[in-house]
Amino acid sequence: MRKGAPACASVFATPQPAPEKGMSTSDVIIIGGGVIGLSLARELAHSGLTVTILERHVPGKEASWASAGMLAPQGELSEGAFLHLCLESNARYPAFRAALEEETGLQCYHREAGTLALAFTDEDEAEFRHIYARQRADGLTVEWVTGDDACRLEPALNPAVRGGLYLPGDRHVENRLLVPALEQACRQRGVEIVTGAQVTAVRVADGRAVGVETILGPYDAGLVVNAAGAWAASIGVPDPALRPPVFPVRGQMLALTLPRPGFLSRAVRSPRGYLVPRHDGRLFLGATMEEVGFDKRNTVWGIAKLLAGARELFPELEGCAIQEMWAGLRPGSADHHPILGRTSLDGYLLAVGLFRNGLLLTPVVSARLAELITTGNTPEVIAPFTLARFAGEVAAGRIPGA
Ligand SMILES: Cc1cc2nc3c(=O)[nH]c(=O)nc-3n(C[C@H](O)[C@H](O)[C@H](O)COP(=O)(O)OP(=O)(O)OC[C@H]3O[C@@H](n4cnc5c(N)ncnc54)[C@H](O)[C@@H]3O)c2cc1C
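To keep things clear, this report deals only with the structure shown in the data block. Remember, predicted model here, so these are calculated numbers, not experimental data. (Residues numbered from 1 in each chain as written. Predicted model: local features only at pLDDT ≥ 70, side-chain atom pairs only at ≥ 80, totals over all residues. Heavy atoms only, no water.)

### Describing the overall build of the chain
Here is the rule: Under the scheme used here, helices are H or I runs from DSSP no shorter than 4 residues and strands are E runs no shorter than 2 residues, and both carry numbers assigned from the N terminus. Here the globule rule is a power law, 2.2 Å times the number of residues to the power 0.38, and the radius of gyration is based on C-alpha atoms. With a 1.4 Å probe rolled over the protein chains alone, any residue whose accessible area is under 20% of its type maximum counts as buried; one over 50% counts as exposed, and the rest are partly exposed. The contact rule is simple, with two residues in contact once any of their heavy atoms fall within 4.5 Å. Within this scheme the basic residues Lys and Arg register as positive and the acidic residues Asp and Glu register as negative, but His and the chain ends are omitted. Charge positions come from single atoms, namely NZ of Lys, CZ of Arg, CG of Asp or CD of Glu.
Looking only at helices and strands, the chain has nine helices and 18 strands in total. In terms of overall size, the chain behaves like a compact globule, its C-alpha atoms giving a radius of gyration of 22 Å where 402 residues would be expected to give roughly 21 Å. Each principal axis of the C-alpha atoms in the chain carries an extent, and together these give about 70 × 45 × 40 Å. The buried share of the chain, taken over its 402 residues, is 56%. Sequence separation of 24 or more characterises 75% of the internal contacts of the chain that already satisfy a separation of 6 or more. Seen as two clouds, the 38 positive and the 43 negative side-chain charges of the chain have centres 2 Å apart.

What follows is the structure in C-alpha cells.
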C-alpha cells in the first residue's frame, strides 16, 4: 500500500518485493477491464492505492460494449436486497456521470426520460398489471398508462398498444462512451492498464492471494479482484469452492437508423424486445437471452426475433436501414444476482455475475467495493451478495461448473 492510502490491514497483505524478473507489484490487481474493473480501479486510485488492471484483450470491448446501456432498476420484478442495490446505484448515477465527465472532458450522453413497458396481449397486460401492483405496494414510483396515453408520449407507437407501465426513474447511458471515459479516468489517476495480459490463475502464499499468473508472467499484489465478466470462472484458484458460478448468456443486438429526428424520446419495451434511442440518431434493438457458451455470433433466429419485437411496437420501422448487428456475453450467475466482495481466500475478492444489470450497477459496485477494500468493512448493501451464499449448493454438487 502506498503513502497516503487509507488503513486496510484486514483486507491487504503487504506486497513483497518482486522476486522474479519482469514481475510488477501493486496494491491491487484487477482481472478484467470491463465497466466493473475500470470503475473499481478509478475509485481505488482515488483513495491513493496503486492499481493494475490486467486485461486479456483491450479494455471495455466485451459485455460493457455490447450492452444497451439501460439503467432500469425497476425493469424487472426485483425485490429485497437486489432491488435496494439497483435503486442505490440508479440514485448514484447523476453524480457518478457528472464527475466522470468533468474529470475527463468526455460526454457520456445520459438520458433521463424514463421507460415505457407496453402490453399488446392479455398475457402481457396481466404481467404488467402484476408488476404495477407489486411496485406500488413497495412504494416505488410507477404509473399505469392507457394505450392513448402511451401514444401521446410516443406518437409513432403502434395504435394497437393496450397500455402498460411508465417508469419515470429509468435512464439510459451511452455505454460505448462511458467505458472509454472510465478508461481515460483510470489512466489520468495513474492506474496501470496492461493489455494482452490473460490471467490464468491466482497465486497463493501462506494461505492468501499474493498476485496472479498471466501469459506475460507473474504479477504481485496485496489484493486480487476478479472482474473478468463471463470468463470469471476460468481463473485458476486453489480450491474449486472459490470458483464463482458464473457463465455466459449471449445477447444479440442490432442498430437501425431512426426514420427521423425525434422519432422516439425514451426507451420502450414489450415482453418481446426493447428499443433504446441513441444520441447519434441510431436506435438499438435488444436483446436475446441464450445459453450457448462463449459464442458471440448473430443468428437468423436472434435477428428475426429482435426485428419482430421492434415491428410490433413501431410498424413504421419496416423501412429503416440496419446499421450494425452484434452479440455480447452477459456474465450470468447461478441465481441471476451479482457475486461481490470477499471470498474464503484472504486477499481474493469478486466483482462478477453482473448479468443483465452491469451498467446500472456500476456506481454502487465500484463505490461499495472500494469502501470494503479501503476500510475492511463490508457495506450493508453488498453484504448479501458474497460467494458464501452458494456454499451449500457447491458442496452438494448442485452448481455445474462451480
Ligand atoms: C446484449 C447485452 C445487453 C445488455 N444491456 C444492458 C443494459 O441495458 N443495462 C445494463 O445495466 N446491463 C446490460 N447488459 C449487461 C452488462 O453489459 C454487463 O453486466 C456488464 O457489462 C458486465 O461488465 P463486466 O465488466 O463485468 O464484464 P465485461 O464487460 O465482459 O468485461 C470483462 C473483461 O474481462 C476480460 N477478461 C476475461 N477473462 C480474462 C482473463 N483471464 N484475464 C484478463 N482479462 C480477462 C474481458 O476481456 C473483458 O474485457 C447487457 C449485456 C449484453 C450482452
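### Structural notes on the pairing of strand S4 (residues 115-119)
The criterion, for reference: We call two strands paired when DSSP finds no fewer than two bridges between them.
The element S4 is largely enclosed, with a buried count of five among its five residues. Because side chains alternate across S4, one face comprises the buried residues Thr 115, Ala 117 and Ala 119, and the other comprises Leu 116 and Leu 118, equally buried. Bridging between S4 and strand S6 (residues 163-167) involves five bridges; their strand directions are antiparallel. Bridge pairing in S6 links Leu 116 to Tyr 166. Relative to strand S13 (residues 267-270), S4 runs parallel, the two sharing three bridges.

### Structural notes on the side chain of Arg 330
Quick reminder of the rule: What makes a salt bridge here is a side-chain nitrogen of Lys or Arg within 4 Å of a carboxyl oxygen of Asp or Glu, nothing more. By the criterion applied in these results, polar contacts are pairs of N or O atoms within 3.5 Å in which, for protein atoms, one can donate a hydrogen and the other can accept it, and in which residues neighboring in sequence qualify only through two side-chain atoms.
Mapped onto the fold, Arg 330 is located in strand S16 (residues 322-333). Of the side chains bearing the opposite charge, Glu 290 lies closest to the buried Arg 330, which forms no salt bridge; the N-O distance is 7.0 Å. A polar contact is formed between the side chain of Arg 330 and the backbone oxygen of Arg 250, at a distance of 3.1 Å. Apart from residues lying up to four places away in sequence, Arg 330 is in contact with Ala 230, Phe 247, Pro 248, Val 249, Arg 250, Gly 251, Ala 287, Thr 288, Met 289, Phe 355 and Arg 356.

### Some thoughts on the sheet that holds strand S15 (residues 282-286)
To keep things clear, this is the line we draw: Simply put, an axis is a line fit to the C-alpha atoms, just over the touching stretch for a helix, and the angle between two N-to-C directions goes from 0 to 180 degrees.
Spatial ordering of the open sheet is given by S5-S6-S4-S13-S14-S15-S12-S16, a layout of eight strands whose pairing is mixed. Bordering the open sheet on either side are strand S5 (143-146) and S16, each of which pairs with just one other strand. With strand direction ignored, the average angle separating the axes of adjacent strands in the sheet is 25°. For strand S12 (residues 246-257) and S16, the ladder comprises 11 bridges, and the chain directions are antiparallel.

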